[in-house]
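Chain by chain, the residues run as shown.
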Amino acid sequence: MSSSLSSRGDATVAPAEVDPDYPIDPVPQHASKSLFSVAIVLLGFTFFTPTMLAGAQIGAAFDVTSLIWVLLLGSAVLGVYVGVIGGIGARTRLTTVMMCRYTLGRVGAKFASLLLGGTQVGWYGVTVATLAGLTASALDWTGRGTEIALMIAGGAVMGVTAYYGYKGMYALSVVSVPLLLVLAGWVTWRSLDEVGGWSGLTAIEPSETLPLAAAVTIIVGTFASGGTQAPNWTRFARTPSTGFWACIVAFMVGELLMLGFGAIGALAFGEGDFVLVLYQLGLVGWGLVFLVANLWTTNDNTAYNFGVAGAEIADSRSKKPFVIGGVVIGTLLAITGIYDNLIEYLVWLGILIPPLGGVVIGDFLARWRWGMPDTSALPAVEWRNLAAYAVAAVAAWWSNEAEWFIPPVVGAVVAVVGVVGLQWNRRPVPGTVAR
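Residues numbered from 1 in each chain as written. Predicted model: local features only at pLDDT ≥ 70, side-chain atom pairs only at ≥ 80, totals over all residues. Heavy atoms only, no water.

## Description of the packing of helix α18 (residues 383-402) against helix α19 (residues 407-423)
Contact geometry for α18 and α19: axes closest at 8 Å, N-to-C directions at 155 degrees. Between α18 and α19, the crossing angle belongs to the class labelled roughly antiparallel. Seen from above, α18 lies across α19 with right-handed handedness. Along its contact with α18, which presents R384, N385, A388, V391, A392, A395, A396, S399 and N400, the element α19 presents P407, V410, G411, V414, A415, G418, V419, L422 and Q423. Along the lines of polarity and charge, the residues of the contact of α18 with α19 split into eleven nonpolar, six polar and one charged. (Axes fitted to C-alpha atoms, helices over the stretch in contact; angles between N-to-C directions. Helix = DSSP H or I, 4+ residues; strand = E, 2+ residues; numbered from the N terminus. Parallel < 35°, antiparallel > 145°, perpendicular 65-115°, else oblique. Left-handed = near helix turned anticlockwise from the far one by under 90°. Contact = heavy atoms within 4.5 Å. Nonpolar A, V, L, I, M, F, W, Y, C, P; charged D, E, K, R; others polar.)

Here is the structure:
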């Protein structure tokens, strides 16, 4: 695909007319980033306090040996899924929602933008509520008015780096990610010391019950929406393999670390949130540093996601108005109490989002890996792929209800197989695609 053309088939776009983050255009080669750059931004995304809370819930339901295998399985499922779609993003140099134009059609892609962008606005609200609640707790501030004021301030500040795009997010992540690793590693060591070392940890009996499939679904659900949108950053990668490995580092290794930190903290202190563990250790100042750095590096990525989704819906070459609009809506959701339904929200994300990523992967394998045509030649709606998504989402829902296997895996695999079966004989004729 030629990087000098817009994805809409327009003539060459003058640099002054293009957002430096190219929300609806292929990223040109001169804007490519290194493996370290892409991975550090994605690690900032996956280092997320609610992920620790998910690890805490899972940790209470398994003995330590079983817990390790559950966390490895869930992180591997998430990492491989995101790695594949991230590699495709690096190959096409397009955002996820722009790839959905090829998969679902010019109008059908609006569904994907609403689904992905909408869930990211919800995540923004969850994070804003988390920041306000824990900050108020640390400073011993009380009152609903105070909490709302913190939500408004936090929501506005965390949108700033997303407004400035990839460069702003990289600058924040390159400082905060090493700090988060040091703090989390130190607290994990203190947690082990609290329970008498590894032997004490292995002696702790589960206090809850949770099916394996549900545990993996919760793990995948933490970044089902965000991970499906990994191409929003891997499209800057120099090669597809760079995009793939950046995702493996962030969504397999980074996710595993966050889940493990949360689980160990919960087993040792009865608290899965490292911020509250730091508070219990009397380190309120460091707790606030960890809190702000942890949530900000995730929420600016979240705001970036709904910014590019909004740009696709409006066919706009600037994401900035949609970043601002999403920040406002997400903050309002925080004020209304979206945080109270977090686990149920994660389960539904694990059901609805992986089938969409599976449809994109399947369609790329079946039709577009040889090259992608101008979007002006695409149908308004690609009904075959939309039907495959619907069937896959129902399959994932059934898997969750029946507690059979792993719902996100079922949804993604059914989508890939369905689309490949429907589209394999409809590959583009050689010579009609841009290479």
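## With respect to the nonpolar core
Formed by 126 residues in total, the largest nonpolar core has its most connected members in L42, I58, W233, F251, F290, L291 and L356. For this core, the element with the highest residue contribution is helix α5 (residues 109-139), accounting for 15 residues. For L356, the contacting residues outside a window of four places in its chain are C100, L104, A112, L115, L116 and Y389. (Core = buried A, V, L, I, M, F, W, Y, C linked by side-chain atoms within 4.5 Å. Buried < 20%, exposed > 50% of the residue type's maximum accessible area, 1.4 Å probe, protein only.)

## Some thoughts on the pattern of salt bridges
This model, assessed by the stated rule, comprises nine salt bridges. Residue R367 is joined to D363 by a salt bridge in which the shortest nitrogen-to-oxygen separation is 2.9 Å. Residue R367 and its partner D363 are located together in helix α17 (residues 342-368), separated by four residues, close to a single helical turn. Accessibility classification places R367 together with D363 in one group, the buried group. (Salt bridge = Lys/Arg side-chain N within 4 Å of Asp/Glu carboxyl O.)

## So, helix α13 (residues 240-269)
Between its first and last C-alpha atoms α13 spans 42 Å; for 30 residues at 1.5 Å apiece the expected length is 44 Å, and the two agree. The axis of α13 is deflected most strongly, by about 25 degrees, at G254. Within α13, 21 of the 30 residues are buried, which leaves it mostly tucked inside the rest of the structure. A positive backbone phi angle near 70 degrees is found at G270, which sits one or two residues after α13. (Expected span 1.5 Å × (residues − 1). Bend = angle between axes of the 7 residues up to and from the residue.)

## Considering the packing of α5 against helix α15 (residues 284-314)
Closest axis-to-axis distance for the α5/α15 pair is 8 Å, and the angle between their directions is 160 degrees. Classified by the angle their axes make, α5 and α15 are roughly antiparallel. Seen from above, α5 lies across α15 with left-handed handedness. In the contact of α5 with α15, the residues fall into 19 nonpolar, nine polar and two charged.

## Points about the state of the cysteines
The tally for this structure, following the rule as stated, stands at zero disulfides. Just so you know, C100 is unpaired, no disulfide at all, and the nearest cysteine sulfur is the one on C247, 16 Å from it. (Disulfide = S-S within 2.5 Å.)

## Concerning the environment of V277
Summarising the element assignment, V277 is placed in helix α14 (residues 274-280). On the accessibility criterion, V277 (0% relative accessible area) is buried. Not counting chain neighbours up to four residues away, the residues in contact with V277 comprise V187, F269 and E271.

## Concerning the confidence of the model for the protein chain
Caution is warranted with low-pLDDT regions, since their predicted coordinates should not be read in detail. Looking at the protein chain as a whole, its pLDDT mean stands at 86, while 92% of the residues score no less than 70. Here α14 stands out as the least confident element of the protein chain, with mean pLDDT 74; helix α12 (residues 231-234) is the most confident, with 96. Ignoring residues within four places in sequence, the model shows residues 1-16, a span with pLDDT below 50, making 41 contacts including any to other chains. Counting contacts from residues 429-435, a segment whose pLDDT is below 50, to residues more than four positions away or on other chains yields 14 contacts. (pLDDT = per-residue confidence, 0-100.)

## Here we look at the side chain of E382
With respect to the element layout, E382 can be found in the loop between α17 and α18. Accessibility expressed as a relative area gives 5% for E382, which makes it buried. Dropping the residues within four chain positions of it, E382 is found in contact with T103, L104, G105, R367, Q423 and R426.

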